[in-house]
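Remarks on the overall topology
The lines below spell out each chain.
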Amino acid sequence: MPANRMPRHPAQRTLRRHAAHHLEAGPGDRAEAPALLGRGGERVDPAALLDRRGERLWLLTAPGPAGPRPLPWLLRAAWRRAAADPAAAQRPVYVDLAKLAADGPVTADVVLAAITAAEATEHGYLVLLDGLDDAGGAVRAAVAGLIGPLTREAPASTVVTLSHAEPVPGFHIPAVVLPVAAEPASAGRGGWDTLADRLRSQRPWPAALMSEAVGAAKAAPETLRWRIIDDLSALSDRRLLFRAALSAGACDDDGVRRAARIEIESLAGAPPAARDPRWLSRLLTLLPLLDAGGQCDDPGHEAPPVGDVLRRLAATGGPGSAALTLLARRDPAAAVAVAEDSGDPLDFDAVARAADEPPVLHTILGRCEHHPSWPTALVHRAQLDRGVATALLAGRDHDRSTLAGRWLAFRMTSGTAYGRLLDDVLTRPWTWPPHTAPLLMTLAQIRPPATTAPIVLAALPGAAAGAVVTALVVLTAGRLAGDHVGPLTAAAAIVAGLAAAGLLLGRRLRRWHTMLPGAGEAPAPVRREHVLAGVLNLAGRRLAPLLPGAYTLHDPLRRACIRAGVPEVEIAHLLGALAARRALLADTAPPAVPEQVPHRAEQRERQN
């Protein structure tokens, strides 16, 4: 055991006490959560980053003043989790690299000492490294050298940092921070010439310098503003130019439009393999500028509309392009038409990634009867995205279908579009695309409980124990009050025992009817582990949420399943499904699908 790690139970009590202290001293819970997008254009829940044990995460942001700060929000969310369940939580550690750099030279040992000053839990640390852009290049080298020592000290630790620059070796980008309008800082001292020289000479740009450049463009008079725009256009990273032009209201400037057209050509010319999170960040920074651009007297100098840009990027990005997902969020009908014209399953999945928004979901549901690929894409996406599953469960299903499968009878999906789609898709395995077959095959083998009989059986031991204890207490009280136990005392003991058993069973049944299996307070995708977790939780065992990971393969889970009456075959399938899902979700890249359906445009070219 490392020297800085306490025994298990004292560490949990200490962590809970520290969590209560930080939550009382910190800001309120009304802080706005940051908006994150995955590399495919799907929304990423910031709280999901807390579950990525042992990873090195690099959140990519746009240059310029930022909106809601992700790392302080993640810190408070981590403390809330530690207060609720210290046995399964990591020790949150917030390190301000800019403050460390102000105190002296920063090395990997200095950063490691700041982290290990706190006591780690058995799950390691959750390290949040803030201020990387303000700390300088030497600190980036220290962060790169931190991975080895931290892995030896606490192997399961997670490191999350934020920067607009390329990640250092050992880190990968799970999400891009959506650029939002924010108030820039003042222009600083020395005028624009000084700022321009610093922008040309310093890389990566400090956050304060980028904010000052945007503030200078906004506060400068019109004659100086055009010079600032020209100087920013000459920089290699045009994201700062677009943020400054949007803040200064100079989107209609000829230089900005010329730079926007160059950026569009650069984005469209990137091959599909090169469309990484940095490519997505460039696109997300460009789109607000195109939205704000006005009409131009010369049509040759006017930037194209956003819809045309996204259609072009989707056409040149190959199947499943992130541009198609962004197009679906802006124009669902156009994105649906593009996917149906291509006929590629990955394009259907790309549109389904935006189905967490009601207009997109309504458009897709309207096309399910005309194209059988849409139900499969929705069900598959709902297994990976809580937002899509929530949208499918939110509204009632008004379809007049005569299907009456087990998912329509299941209390969680009864009367919803989710239940109808599950019964439809899971009975047609021959229509599953290759990249969806493993997950849908696991889902097809789920047998959701149609009645409350398993819940009652699982709760009977606890109810019987409660009845016995209550009856013994009443009998003991009656014996102490008199010399012997009379008929009234015996009858009272029986009634009290039955009442206690009824209360316990009623509580379990109320939880069954008011809570989703394994989902807590919010809807979640329907998976085998969720259904079994509902049975286990109602049996009084706190196992939800059953997150995929190596720790779920331990003996305690198997013993709990056996105590809950789950058959051995079902337990083995559950453990296999968890391991398969972990392997499936480990790779965030779009799955490679052999023998994809070619686009119709390619077919016409081949015929010609």
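Look above for the structure.
Residues numbered from 1 in each chain as written. Predicted model: local features only at pLDDT ≥ 70, side-chain atom pairs only at ≥ 80, totals over all residues. Heavy atoms only, no water.

**Looking at the packing of aromatic side chains**
In total, this model carries two aromatic pairs according to the counting rule given. Taking the centre distance of 5.8 Å and the plane angle of 75° together, the rings of Trp58 and Phe171 count as edge-to-face. Here the residue Trp58 occupies a position in strand β3 (residues 56-60), and Phe171 occupies one in the loop between β6 (158-163) and β7 (176-177), the gap between them amounting to 113 residues. Take Trp58 and Phe171: they sit in the same class, and that class is buried. Ring geometry for Phe348 and Trp374: centres 4.6 Å apart, planes at 75°, overall edge-to-face. (Phe/Tyr/Trp six-rings, centres within 6.5 Å; stacked < 30°, edge-to-face > 60°. Helix = DSSP H or I, 4+ residues; strand = E, 2+ residues; numbered from the N terminus. Buried < 20%, exposed > 50% of the residue type's maximum accessible area, 1.4 Å probe, protein only.)

**A short note on the packing of helix α8 (residues 191-201) against helix α10 (residues 222-233)**
Orientation of α8 relative to α10, taken along the N-to-C sense of each, is 10°, at an axis distance of 11 Å. When the axis of α8 is compared with that of α10, the two are roughly parallel. Across from Trp192, Asp193, Ala196, Leu199 and Arg200 in α8, the residues of α10 making contact are Arg227, Ile228, Asp231 and Leu232. Within the contact of α8 with α10, the residues separate by chemical class into five nonpolar, no polar and four charged. (Axes fitted to C-alpha atoms, helices over the stretch in contact; angles between N-to-C directions. Parallel < 35°, antiparallel > 145°, perpendicular 65-115°, else oblique. Contact = heavy atoms within 4.5 Å. Nonpolar A, V, L, I, M, F, W, Y, C, P; charged D, E, K, R; others polar.)

**Topic: the packing of helix α16 (residues 332-342) against helix α18 (residues 358-367)**
Contact geometry for α16 and α18: axes closest at 9 Å, N-to-C directions at 45°. Judged on the interaxial angle alone, α18 and α16 are oblique. Handedness of the α16/α18 crossing: right-handed. Residues Pro332, Ala333, Val336 and Glu340 of α16 lie in contact with α18, whose contacting residues are Pro359, Val360, Thr363, Ile364 and Arg367. Tallied by class, residues from the contact of α16 with α18 come to six nonpolar, one polar and two charged. (Left-handed = near helix turned anticlockwise from the far one by under 90°.)

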